[in-house]
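If you want the building blocks of each chain, they are given just below.
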Amino acid sequence: MYNRVKPEFLSFGAEVRRLRKAAGLNQQALADLVNVTRSYIAQVESGRTRCRREFALRLDRALKSGTTLVEAWDELLESIKSDKYPEFFANFPKAEQSASMLRAYEERVIHGLFQIEDYARVLLNSEDAVKSRMRRQEILDRDPAPAVTVVMDETVLYREVGGKEVMRRQLEHLIDLSYRDKINIQIAPIKYIRNVWATFVIATLPDQRQVVYTAKAYGGETSTSPVEVALVNEAMATLQAEALNASDTRALIRKVIEERWT
């Protein structure tokens, strides 16, 4: 039985940890200042519990952080209420938003973080869903931005979504993104690759814990199980070894644009 994580609380916990370390405090010292146990601080920082708003206020006072944490708490609550993600995906975007590194494999369509709006609109069934997908992409412009590596099956370059014009602009967008310092895009050739059975995303958090989202026939699931995380990491290593490098990937995308989408 794998451990379920609560990624919707991870970004708040990561902010608590960042401010605590900036203040030069260990978990016990902060616990003493706010009159709780060290284990409770650890639970908040790891996203295993959601503290009350009053506790966020106490943390701000103890850490001399103004209203940083209470504002983060309010934003978290609003985000939980307003984000329009499919139910099976709803607890992963919070981990994605707080990640320092993201690695993914996609075999059917362009990876969600790289989709232009017109491409996403064809795939999604509501404007709320499109807006949520576009909002997810804001992490690519964050400072510091996460390191993002995505391997995509070559077929995504040929599978028409939204017509020729949309596909041309979508693939040109991929090329533009591939020149960013922290983005690595690789195309995997159309062939059997050992131990790769589904699309997935690995979010590595600032404390180096990893959260995995794996697509399933019925939707998908999020896991922090060490066994499952290890299996997905192994699959990612195999994919990167088989895929084209960044330069050859750009050359292939340009070739497909010229031959198929121009």
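Residues numbered from 1 in each chain as written. Predicted model: local features only at pLDDT ≥ 70, side-chain atom pairs only at ≥ 80, totals over all residues. Heavy atoms only, no water.

Over its 13 residues, helix α1 (residues 10-22) extends 18 Å from the first C-alpha to the last, a length consistent with the 18 Å expected when each residue adds 1.5 Å. Within two residues after α1, G24 carries a phi angle of roughly 75°, on the positive side. (Helix = DSSP H or I, 4+ residues; strand = E, 2+ residues; numbered from the N terminus. Expected span 1.5 Å × (residues − 1).)

Our next topic: helix α2 (residues 27-34). Residues spaced three or four apart along an α-helix face the same direction, because each turn holds 3.6 residues. Burial in α2 covers these residues: Q27, L30, A31 and V34. Mapping the buried residues of α2 onto a view down its axis gives an arc of 105°, with all of them on the same face. Elements in contact with the buried residues of α2: α1, α3 (38-46) and α4 (53-63). With a side-chain oxygen positioned 3.2 Å from the backbone nitrogen of Q28, the residue opening α2 is N26. (Buried < 20%, exposed > 50% of the residue type's maximum accessible area, 1.4 Å probe, protein only. Arc of directions from axis to C-beta. Contact = heavy atoms within 4.5 Å. Polar contact = N/O pair within 3.5 Å; in protein donor to acceptor, adjacent residues only side chain to side chain.)

What follows concerns the pattern of salt bridges. In the structure shown here, the tally under the stated rule is 17 salt bridges. Of the charged contacts in the structure, one is a salt bridge between R17 and D207, with a shortest N-O distance of 3.4 Å. Here D207 lies in the loop between β4 (200-204) and β5 (210-216) and R17 lies in helix α1, a separation of 190 residues in the sequence. For R17, a relative accessible area of 11% corresponds to the buried category. Residue classification places D207 among the partly exposed positions, given a relative accessible area of 30%. (Salt bridge = Lys/Arg side-chain N within 4 Å of Asp/Glu carboxyl O.)

Our next topic: the confidence of the model for the protein. On average, residues of the protein carry a pLDDT of 87, and 90% of them reach 70 or more. Under a pLDDT of 50 for its full length, residues 1-5 has, in the predicted model, 14 contacts with residues more than four places off or in other chains. When the criterion is pLDDT under 50, residues 82-90 qualifies, and its contacts beyond four places in sequence or with other chains add up to 16 contacts. (pLDDT = per-residue confidence, 0-100.)

Counted by the stated rule, this structure contains three aromatic pairs. Between Y105 and F200, the ring centres sit 6.0 Å apart and the planes meet at 40°, which makes this aromatic pair tilted. Of this pair, Y105 sits in strand β1 (residues 101-106) while F200 sits in strand β4; the two residues are 95 residues apart in sequence, bridging distant segments of the chain. Here the aromatic rings of Y192 and W197 are separated by 6.2 Å at their centres, their planes lie at 55°, and the arrangement is tilted. Each member of the pair, Y192 together with W197, is exposed. Cation over ring: R250 sits above Y179, and NZ or CZ is 4.2 Å from the ring centre. (Phe/Tyr/Trp six-rings, centres within 6.5 Å; stacked < 30°, edge-to-face > 60°. Lys NZ or Arg CZ within 6 Å of the ring centre and 35° of its normal.)

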